Amino acid sequence: MQYSSQFLSRQIVFIAACMSVSECLQLFAEHFSYWSTHLLDEFWRWWTAHWVHVGWIRYALNMVAFACLPFIFPHLKNRYAILLLVLLPPLISLSFYFCIPQVEAYAGLSGVLHGLYGAAAIYFLQFNSERKFAFLVISLALAKVLWENFMGSLQTSQLIGSPVLTEAHWIGLVWGIVLALCYMLYEKLMAQKNQTTD
């Protein structure tokens, strides 16, 4: 697939902006990480915890995965990705807080990444030209999450030098799928409303 210069410019600016925000927060990670004891008092951690990382290797791996998203799903609009980036972090953080209270600390974008890829794949299942690839992506994401939860993620932990909270991956994937389905329902309702008013 050939990309237009306008597409490349937009994607590069979008990716660079997100990477820059993450890199700046990374410098003061202790003030932005998820700590369950501070979550309700310091609400910004609902979002920022997902943009800081345990180390620079983990940061680099997540940023590479993030940078690939617009090229894997080139029809994904930046506004849709931004909406997901706003909604997924607090949903994952609050899921930790209320559903998995034993998670006391967390940092990393991997849960949000699983949500982004899951949401994009579910959304693009509705288009014939994208269906096979979207089905492949969602199948691989589900297989990865199942593998991690039953077999663990020892190799990744060894690579990045810290444990991987696999719960973040499946929580992010589930929320991504839910948000995509909600957005698709919203689009359908709006289309029906527009037809009735015409």
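Residues numbered from 1 in each chain as written. Predicted model: local features only at pLDDT ≥ 70, side-chain atom pairs only at ≥ 80, totals over all residues. Heavy atoms only, no water.

Caption draft 1: Layout of the overall build of the protein. In terms of helices and strands, the protein carries eight helices and two strands. Starting at the N terminus and ending at the C terminus, the protein contains elements arranged as α-β-α-α-α-β-α-α-α-α. Since a compact globule built from 198 residues should have a radius of gyration of about 16 Å, the 17 Å found for the protein is in line with a globular shape. Principal-axis analysis of the C-alpha atoms places the extent of the protein at approximately 55 × 35 × 35 Å. Here the protein holds 198 residues, and the buried ones make up 43% of them. When contacts within the protein are restricted to residue pairs at least 6 apart in sequence, those whose partners lie at least 24 apart make up 79%. Carbon together with sulfur atoms contributes 69% to the accessible area of the protein, which is approximately 11200 Å² in total. Of the charged side chains in the protein, 10 are positive and 10 negative; the average position of the first set lies 14 Å away from that of the second. (Helix = DSSP H or I, 4+ residues; strand = E, 2+ residues; numbered from the N terminus. Rg over C-alpha atoms; globule rule 2.2 N^0.38 Å. Buried < 20%, exposed > 50% of the residue type's maximum accessible area, 1.4 Å probe, protein only. Contact = heavy atoms within 4.5 Å. Areas by Shrake-Rupley, 256 points an atom, 1.4 Å probe, with all protein chains shown as cover. Lys, Arg positive; Asp, Glu negative; His and termini not counted. Charge placed at Lys NZ, Arg CZ, Asp CG, Glu CD.)

Caption draft 2: Layout of the packing of helix 5 (residues 110-124) against helix 8 (residues 166-197). Between helix 5 and helix 8, the shortest axis-to-axis distance is 7 Å and the interhelical angle comes to 35 degrees. The hand of the helix 5/helix 8 crossing is right-handed. Facing Ser 110, Gly 111, His 114, Gly 115, Gly 118, Ala 119, Ile 122 and Tyr 123 of helix 5, the residues of helix 8 in contact are Ala 168, His 169, Gly 172, Leu 173, Gly 176, Ile 177, Ala 180, Leu 181, Tyr 183, Met 184 and Glu 187. Grouping the constituent residues of the contact of helix 5 with helix 8 by class yields ten nonpolar, eight polar and one charged. (Axes fitted to C-alpha atoms, helices over the stretch in contact; angles between N-to-C directions. Left-handed = near helix turned anticlockwise from the far one by under 90°. Nonpolar A, V, L, I, M, F, W, Y, C, P; charged D, E, K, R; others polar.)

Caption draft 3: Structural context of helix 4 (residues 78-99). For helix 4, spanning 22 residues, the distance from its first C-alpha to its last is 31 Å, which sits close to the expected 32 Å at 1.5 Å a residue. Among the residues making up helix 4, those that are buried are Tyr 80, Ala 81, Leu 84, Leu 85, Leu 88, Pro 89, Pro 90, Ile 92, Ser 93, Ser 95 and Phe 96. (Expected span 1.5 Å × (residues − 1).)

Caption draft 4: Expanded view of a nonpolar patch on the surface. A grouping of Phe 43, Trp 44, Trp 47, Ile 82, Leu 83, Val 86 and Leu 87 is seen on the molecular surface, where their side chains present a nonpolar patch of about 610 Å² in accessible area. No other element matches helix 4, which puts four residues into the nonpolar patch. Tracing the chain through its elements places Trp 47 in helix 2 (residues 45-48). Owing to a relative accessible area of 31%, Trp 47 belongs among the partly exposed residues under this scheme. (Patch = residues over 30% accessible without salt bridge, like charges linked within 9 Å, V, L, I, M, F, W, Y side chains within 5 Å. Salt bridge = Lys/Arg side-chain N within 4 Å of Asp/Glu carboxyl O.)

Caption draft 5: Structural detail: the nonpolar core. With 50 residues, the main nonpolar core has Phe 66, Phe 73, Leu 76, Leu 85, Phe 96 and Leu 116 as its most contacted residues. Looking at this core, the elements that each hand over two or more residues are helix 1 (5-26), helix 3 (56-72), helix 4, helix 5, helix 6 (131-151) and helix 8. Ranked by the residues each element gives to this core, the list is headed by helix 5, at ten residues. With residues near it in sequence (within four places) discarded, Leu 85 still touches Phe 14, Cys 18, Trp 47, Trp 51, Phe 66, Val 112 and Leu 116. (Core = buried A, V, L, I, M, F, W, Y, C linked by side-chain atoms within 4.5 Å.)

Caption draft 6: Representation of the pattern of salt bridges in the model. Evaluated as defined, the whole model comprises two salt bridges. Ionic pairing is found between Glu 148 and Lys 144, a salt bridge with its closest N-O pair at 2.5 Å. You can see Glu 148 and its partner Lys 144 sitting in helix 6, four residues apart, about one turn around the helix.

Caption draft 7: Main features of the packing of helix 4 against helix 8. It is at 9 Å that the axes of helix 4 and helix 8 come closest, and there the two elements cross at 130 degrees. It follows that helix 4 is oblique to helix 8 by the angle criterion. Crossing of helix 4 against helix 8: the hand is right-handed. Across the interface between the two elements, Tyr 80, Leu 84, Leu 87, Leu 88, Leu 91, Ile 92, Ser 95 and Phe 96 of helix 4 pack against Ala 168, Ile 171, Gly 172, Trp 175, Gly 176, Leu 179, Ala 180 and Tyr 183 of helix 8. Within the contact of helix 4 with helix 8, the residues separate by chemical class into 13 nonpolar, three polar and no charged. (Parallel < 35°, antiparallel > 145°, perpendicular 65-115°, else oblique.)

Caption draft 8: Region of the structure containing the environment of Leu 85. You can see Leu 85 is positioned in helix 4. Note: C-alpha distance between Leu 85 and Val 112 (27 residues apart in sequence) is 7.4 Å.

Caption draft 9: Expanded view of the side chain of His 53. Note on placement: His 53 falls in the loop between helix 2 and helix 3. Polar contacts involving the side chain of His 53 include one to the side chain of Asn 62, which spans 3.1 Å. Each residue touching His 53, except ones within four places of it in the same chain, is listed here: Ser 22, Gln 26, Arg 58, Tyr 59, Asn 62, Met 63, Ala 107, Gly 108 and Leu 109. (Polar contact = N/O pair within 3.5 Å; in protein donor to acceptor, adjacent residues only side chain to side chain.)

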